[in-house]
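# A structural walkthrough
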Amino acid sequence: MSKELIDAIVDMREEDAVKITAQLLDGGTDPLVVLDACREAMGVIGMRFETGESFISELILAGEILSQISAIVKPRIQKGGAEKKIGKVILGTVQGDIHDIAKDIVGFMLDVNGFEVTNLGVDVPPAKFVEAVKSSGAKIVGLSGFLTLAFDPMKDTVAAIKAAGLNEVKIMIGGGQIDENIRQYTGADAYGKDAMAAVALAKSWS
Amino acid sequence: MFIRPDNWNQMSPLERRKARLDAWQNAPVPFINPQAEANYKERIERLRKIYDMEPHDRPIADPFMGANEYIVRRKGINGKDMVYNHEKLREPLLEFHNEFQPDTSAMPLPYPGKVMDMLDYKSYIWGGQKLPDNLTIQAVEGEYMTGDEYKEFAADPTNFWMKKYLPRVMPTLAPLAMLTEFPRVSENVDIIDLMVPFGLPPFQAMLKTLMEAGDELMKMLAIVGQTGAMIAGAGFPGMGFNIVKTPFDYLGDTVRGTKGILTDMYRRPNDLLAACEAYVPVLINAVISASDRNGAPCALYVLHKGADGFMSQAQFEKFYWSTWKQVMLALYEEGITSYLFIEGSYNNRLENLAQMPEKSLVCHFDKTDMRRVKEVLSDKFIIAGNVPASLMTAGTVDEVRAYCADLVELFEGSSYIMTHGCYFENTTDEKLRAFIDSVKK
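Residues numbered from 1 in each chain as written. Chains lettered and ligands numbered in written order. Predicted model: local features only at pLDDT ≥ 70, side-chain atom pairs only at ≥ 80, totals over all residues. Heavy atoms only, no water.

## Re the interface of chain B and chain A
Counting residues at the interface gives 33 residues for chain B, matched by 27 residues for chain A. Interface area, chain B with chain A, both sides summed: about 2,400 Å², of which 59% is carbon and sulfur. Its largest share of buried area at the contact with chain A, chain B owes to Gln 138, Tyr 266 and Arg 267 of chain B, together 23% of the area lost on that side. Our count for the contact surface shared by chain B and chain A stands at three salt bridges. The partner of Glu 64 of chain A in a salt bridge is Lys 259 of chain B, and the shortest N-O contact between them spans 3.6 Å. Along the contact surface separating chain B from chain A lie 13 residue pairs in polar contact (both at pLDDT 80 or more). Only β3 (137-139), α13 (258-267) and α18 (389-394) of chain B provide two or more residues apiece to the side of chain B that touches chain A. (Contact = heavy atoms within 4.5 Å. Buried area = accessible area lost by both parts, 1.4 Å probe. Salt bridge = Lys/Arg side-chain N within 4 Å of Asp/Glu carboxyl O. Polar contact = N/O pair within 3.5 Å; in protein donor to acceptor, adjacent residues only side chain to side chain. Helix = DSSP H or I, 4+ residues; strand = E, 2+ residues; numbered from the N terminus.)

Right, here's the structure in full:
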């Protein structure tokens, strides 16, 4: 039955995936097993994305399917039964840029891959990133920016994090026009070309 | 304005294309002196040969599709100025053209800030309004049409646009929803339904605001138009565009949002396809009318959601390409060249573009592999691109020079326009000069 759920998610059969989830839970399957199936399905989709066989449209729909499944599963998880997270990530679109779709896909992929993600939203000033890092103790920051106007705010945010003495924090950047030139320009530790690259970077830093 | 020759109906698509390009090339320009006139004619003749894919002495470099804001920002103009203070742009623009001697004219897009304020425009935010003064404008993605409204849209896109979409994104226009469906006005009694809203206070208040907004727009257009004429008169021709989108991007960018339309491909594929199909004749008519009105020989598509990575090749061909191709072919029949500004990468879509008739396209790339472009498309179409925005922002002058030199070498013998891959805010004069001069050596 878990295999059926994995297949339904991977094949983008939204209604089937939700229905199978309900059947699994009603049949006494451990909610954590259902979440493991979701994670396995996302692993397949993520791998396909890396090889060009899966697309942003599928990442978005998979996100919506998992959000529906999560709403059914989470109330049934016993206290203390929740999975252990492998690291904390602070994520946001930098000041002046209001685009959120790519950032939210990155947040979702980090979440299903075991990270505790604090999503600060869009148009986030440098000070807010610094404050979030300090209060959460996160060791990874992800800066998103769709427009070229994000280059300078990214640079400012990296500088603000370093100026706050948070030198052990690793910073990754991403967005449509981000490349190695911009990584050097901003002083970030790495850039990722897509959500899967963000997951790989975060794992390598955890 | 483009006036069709008497034998228009007997002309082939390429003959019509020639007629439109002739009219554009020979449009009257108020030259400031004979030298400016000679320079303009030399420049537009070179561009014309590139558009015609005929032998020419060298490629051109067009700063518009990348540096069009930097060229005024370098003189202290900010985003708010570009939206509200159009007269402040004139001197910096004239200075830029005089100093850099580009092959084509460039200026920021003319955003009518006061008019957008008066319409209470919701689907953008801009400098001096909700964005800080240094920024210009950004789209606010939203679901301005629900998934359940596809059928209503497909039944009559114009009616939906007027009575549902416009009131949602411009609340000042909410009274438009009071209008009757125009095609039902047939008998004399229908005049009553037609005219009732015009007698009601909310509709009259809207008309008053629209007239005031129209006055503001005319003021802005007079300033922008004069600046454009002065740049042309100083010797710099424009590329000749009307901006358009594909049916899928109209629906995705404008009414459904990225998340909405990409999931609609799975959740309501038939509704989405029907809406794209319904939009095709609307778009074709709109572009032809605009080209006839202002004489621009090209339709500039700003392409978004069909790029590699957004959807599979099968989805692209089913949802994106099928209706877009219909629009481009219809425009080709009317002699209008489609200029494709392809954001992101299109490595998987080049064979689709190759299906189009010769000279029907100018293909402007951002992150696509230009070596494959050369191989697959350069014999049939005009090619443009792809100096990276990141290089202009963070690279060195030598790196810009080397990148441009590679492109010039790659497209030797092709019809090629040196352009940036994407718009950017920051660079240096030295890097911009390296870009502009790269084709002149």
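So much for the structure itself; the text now carries on.
## Observations concerning helix α15 (residues 313-333) of chain B
Residue Trp 321 of chain B marks the point of greatest curvature in α15 of chain B, where the axis turns by about 45 degrees. Every buried residue belonging to α15 of chain B is among Gln 315, Phe 316, Phe 319, Tyr 320, Trp 321, Thr 323, Trp 324, Val 327, Met 328, Ala 330, Leu 331 and Tyr 332 of chain B, and all of these are buried. (Bend = angle between axes of the 7 residues up to and from the residue. Buried < 20%, exposed > 50% of the residue type's maximum accessible area, 1.4 Å probe, protein only.)

## As for the sheet that holds strand β4 (residues 170-174) of chain A
Residues and elements named next belong to chain A. Here we have five strands laid out as an open sheet, ordered β2-β1-β3-β4-β5, and parallel in their pairing. The sheet is open, and its two borders are formed by β2 (115-119) and β5 (190-192), each paired with just one other strand. For this sheet, the mean angle separating the axes of adjacent strands, direction not counted, is 25 degrees. Sheet strands in contact with helix α7 (residues 151-163) are β3 (140-144) and β4, and its direction is about 160 degrees off that of β3. (Pairing = 2+ DSSP bridges. Axes fitted to C-alpha atoms, helices over the stretch in contact; angles between N-to-C directions.)

## Quick word on the side chain of Arg 349 of chain B
Residues and elements named next belong to chain B. Inspection of the secondary structure puts Arg 349 in the loop between β6 (337-342) and α16 (350-353). A distance of 2.7 Å separates polar atoms of two side chains, one belonging to Arg 349 and the other to Gln 313. For Arg 349, the contacting residues outside a window of four places in its chain are Gly 306, Ala 307, Asp 308, Gly 309, Met 311, Ser 312, Gln 313 and Phe 316.

## Topic: the sheet that holds strand β9 (residues 416-420) of chain B
Residue and element names in this part refer to chain B. On the basis of which strands lie adjacent, the open sheet formed by seven strands has the order β1-β9-β8-β7-β6-β5-β4 and parallel pairing. The open sheet has two edge strands with one neighbour each: β1 (60-61) and β4 (241-244). Where strand β5 (residues 298-303) meets β6, six bridges bridge the pair, whose relative direction is parallel. Directly across from Tyr 301, in β6, lies its bridge partner Leu 340. Along the sheet, helix α19 (residues 397-410) makes contact with β8 (382-387) and β9, crossing β8 at roughly 160 degrees.

## So, the packing of helix α6 (residues 90-100) of chain B against helix α20 (residues 429-437) of chain B
All names here are of chain B. At a minimum axis distance of 11 Å, the contact between α6 and α20 shows a crossing angle of 55 degrees. In terms of orientation, α6 and α20 fall into the oblique class. Classified by chirality, the crossing of α20 by α6 is right-handed. In this structure, α6 contributes Phe 96, Glu 99 and Phe 100 to the contact, and α20 contributes Asp 429, Leu 432, Arg 433 and Ile 436. Of the residues assigned to the contact of α6 with α20, the class counts are four nonpolar, no polar and three charged. (Parallel < 35°, antiparallel > 145°, perpendicular 65-115°, else oblique. Left-handed = near helix turned anticlockwise from the far one by under 90°. Nonpolar A, V, L, I, M, F, W, Y, C, P; charged D, E, K, R; others polar.)

## Points about the packing of helix α14 (residues 269-294) of chain B against α15 of chain B
Residue and element names in this part refer to chain B. Across the interface, α14 lies against α15 with an axial gap of 9 Å and an inter-helix angle of 20 degrees. One element, α14, and the other, α15, form an angle in the roughly parallel class. Between α14 and α15 lies a crossing of right-handed hand. Only Lys 318, Phe 319, Thr 323, Gln 326, Val 327, Ala 330 and Leu 331 of α15 make contact with α14, whose side of the interface consists of Pro 269, Leu 272, Leu 273, Cys 276, Glu 277, Val 280, Leu 283, Ile 284, Val 287 and Ile 288. Class assignment for the residues of the contact of α14 with α15 results in 13 nonpolar, two polar and two charged.

## Notes on the pairing of β2 of chain A
Residue and element names in this part refer to chain A. Judged from the five bridges that link them, strand β1 (residues 87-93) and β2 form a sheet pairing that is parallel. Within β2, the position partnered with Ile 90 by the bridge is Thr 118. Between the parallel elements β1 and β2, the chain passes through helix α5 (residues 101-112) in a crossover that is right-handed. (Right-handed = clockwise from strand over helix to strand, strands pointing away.)

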